[in-house]
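Residues per chain are reported as follows:
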Amino acid sequence: MSFEPPRRLVRALGETAPDGDDWLEKLPETARRAVALRELTVERVQVPGGRSSLVVLVRTADGRPAVLKLAPPRARPESERAALAHWNGLGAVQLLDAEPGEGVLLLERLHPDVSVRSLPESRALLEAAGTLRRLWVEPPAGHAFETVAGRTARQAAAMRAGAAADPEVAPLVDAALAAREELLADPPQHLLLHGTFRQSKVLAADRVPWLAVGPDPVVGESAFDLARLVRDRVEDLIAQPSGAATTRRRVKRLAESLEVDQERLRGWTLFRAVESGVRARRVGRTTDAELLLEFAGWL
């Protein structure tokens, strides 16, 4: 069985790979070793797959359908493992193999080709928000998860550097950084969050209708987690003549439905959109950057 990584994964990891990183080169052998160790039968590599991991559809020794996921250290797979173990299948995919090793996770098989993005927009937002709510729980005692303050501090430093090199984005960066400072001054919660939640991270399942996958967990307030969902299908929002008004209504609707402070949600949505836009601009994804920064300007 060939474990050739999909082009989407190669391209995405190439944008963030540190000098000398050889994870992609070693990936086929790592996958073969993981399959043999767990006595799995391989069905196929999921294509186009994700942007941070190789996903392989497999069956366990007793014939149970499962997913083998392999991710590089910079994708923090052991943090994902810890979060999935803590959620224990409530709102998220079930972890089947609790033993750490080489960034390999064995997971419950969902329906990888069916996400809530397949639903009409209003229903997709509703189903995604309901799934996200179930993930907001107290983190385990003595946890080692990254905090919102810590993660956004790194992002803020990169945003400042981006603004210095590209003055065109400086006003939005200044606004986003000011919002971050204000939001971190008095955080209302310290919950375990998905960290990178969006509609494509919610897949159809058998034991419940929808389950979340692919967390990059972080501890902080719920508005930070919900902020990424606000800009889902951003290309559709930008294409609408009433895109700005629709965005403001979406912020209000999501805040009210999940009992999140509307201004805090607006602030984190601004920060996360600008951060993503500046990062996209830095690696040459010009179209993505323009969409995200225009969206941020509406907030």
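Predicted model only: the values in this text are computed from it and were never measured.

Rules used throughout
- Residues numbered from 1 in each chain as written.
- Predicted model: local features only at pLDDT ≥ 70, side-chain atom pairs only at ≥ 80, totals over all residues.
- Heavy atoms only, no water.
- Helix = DSSP H or I, 4+ residues; strand = E, 2+ residues; numbered from the N terminus.
- Rg over C-alpha atoms; globule rule 2.2 N^0.38 Å.
- Buried < 20%, exposed > 50% of the residue type's maximum accessible area, 1.4 Å probe, protein only.
- Contact = heavy atoms within 4.5 Å.
- Areas by Shrake-Rupley, 256 points an atom, 1.4 Å probe, with all protein chains shown as cover.
- Lys, Arg positive; Asp, Glu negative; His and termini not counted.
- Charge placed at Lys NZ, Arg CZ, Asp CG, Glu CD.
- Core = buried A, V, L, I, M, F, W, Y, C linked by side-chain atoms within 4.5 Å.
- Expected span 1.5 Å × (residues − 1).
- Arc of directions from axis to C-beta.
- Axes fitted to C-alpha atoms, helices over the stretch in contact; angles between N-to-C directions.
- Parallel < 35°, antiparallel > 145°, perpendicular 65-115°, else oblique.
- Left-handed = near helix turned anticlockwise from the far one by under 90°.
- Nonpolar A, V, L, I, M, F, W, Y, C, P; charged D, E, K, R; others polar.
- Pairing = 2+ DSSP bridges.
- Salt bridge = Lys/Arg side-chain N within 4 Å of Asp/Glu carboxyl O.

(A) Region of interest: the overall build of the protein chain. Along the protein chain, the regular secondary structure elements total 11 helices and nine strands. Computed over C-alpha atoms, the radius of gyration of the protein chain comes to 19 Å, within 12% of the 19 Å expected from 2.2 N^0.38 for 299 residues, which places it in the range of a compact globule. On the principal axes, the C-alpha backbone points of the protein chain span a range of 55 × 40 × 40 Å. Residues classed as buried in the protein chain amount to 52% of the 299 residues present. By sequence separation, contacts in the protein chain at least 24 residues apart represent 70% of the contacts at least 6 residues apart. Looking at the protein chain as shown, the accessible area adds up to about 13,900 Å², and 52% of this sits on carbon and sulfur atoms. If you average the places of the 42 positive and of the 42 negative side-chain charges in the protein chain, the two averages end up 3 Å apart.

(B) Structural context of the nonpolar core. Counting 74 residues, the largest nonpolar core has Leu226, Leu265 and Phe295 as its most contacted members. It is helix 10 (residues 262–282) that provides the largest number of residues to this core, a total of seven residues. Residues in contact with leucine 265, not counting those within four places in the same chain, are Ala223, Leu226, Ala227, Val230, Val251, Leu254, Ala255 and Val260. Counting 18 residues, the second-largest nonpolar core is a separate cluster that includes Leu27, Ala34, Leu54 and Leu68.

(C) Highlighting helix 9 (residues 243–257). Given a rise of 1.5 Å per residue, 15 residues ought to cover 21 Å, and the 21 Å separating the end C-alpha atoms of helix 9 matches this to within 8%. Of all the positions in helix 9, only Gly243, Ala244, Thr246, Thr247, Arg250, Val251, Leu254 and Ala255 are classed as buried. Relative to the axis of helix 9, the buried residues are bounded by an arc of 165 degrees and lie together on one face. Positive backbone phi, approximately 55 degrees, marks glutamate 259, located one or two places after helix 9.

(D) Focus on the packing of helix 9 against helix 10. Look at helix 9 against helix 10: their axes get within 9 Å of each other, and the N-to-C directions meet at 125 degrees. In terms of orientation, helix 9 and helix 10 fall into the oblique class. Taken as a pair, helix 9 and helix 10 cross one another with a handedness that is right-handed. On helix 10, the residues that touch Val251, Lys252, Leu254 and Ala255 of helix 9 are Gln262, Leu265 and Arg266. Its residues placed into classes, the contact of helix 9 with helix 10 shows four nonpolar, one polar and two charged.

(E) Spotlight on the sheet that holds strand 3 (residues 65–70). Pairing in this open sheet of four strands is antiparallel, and the strands run 1-2-3-4 from one edge to the other. Only two strands of the sheet have a single partner each, and these edge strands are strand 1 (41–45) and strand 4 (104–108). Direction aside, the axes of adjacent strands within the sheet are offset by 30 degrees on average. In the sheet, strand 2 (residues 54–59) pairs with strand 3 via six bridges, with the strands oriented antiparallel. If you follow valine 56 over to strand 3, its bridge partner there is leucine 68. The strands that helix 2 (residues 23–37) touches are strand 1, strand 2, strand 3 and strand 4; relative to strand 3, the one it contacts most, it runs at about 150 degrees.

(F) Highlighting helix 4 (residues 121–135). Here helix 4 is 15 residues long and its end C-alpha atoms lie 22 Å apart, about the 21 Å a rise of 1.5 Å per residue gives. Buried within helix 4 are the following residues: Ala124, Leu125, Ala128, Ala129, Thr131, Leu132 and Leu135. One side of helix 4 holds all its buried residues, which, seen down the axis, span an arc of 165 degrees. On its buried face, helix 4 sits against helix 3 (77–87), strand 6 (191–193), strand 7 (202–204), strand 8 (210–212), helix 7 (222–230) and helix 9.

(G) The arrangement of the pattern of salt bridges in detail. According to the stated counting rule, one finds 27 salt bridges in the structure shown. Residue aspartate 288 is joined to arginine 285 by a salt bridge in which the shortest nitrogen-to-oxygen separation is 2.9 Å. Counted as one network, the salt bridges with shared partners bring together Arg76, Glu146, Arg151, Arg154 and Asp216.

(H) Inspection of the side chain of histidine 194 at higher detail. Along the chain, histidine 194 falls in the loop between strand 6 and strand 7. If we skip the residues at most four places from it in the chain, histidine 194 touches Trp87, Leu132, Leu135, Lys201, Ala212, Val213, Gly214, Pro215, Asp216, Pro217 and Asp225.

Bear in mind that shape data such as this cannot, by itself, settle questions of function.
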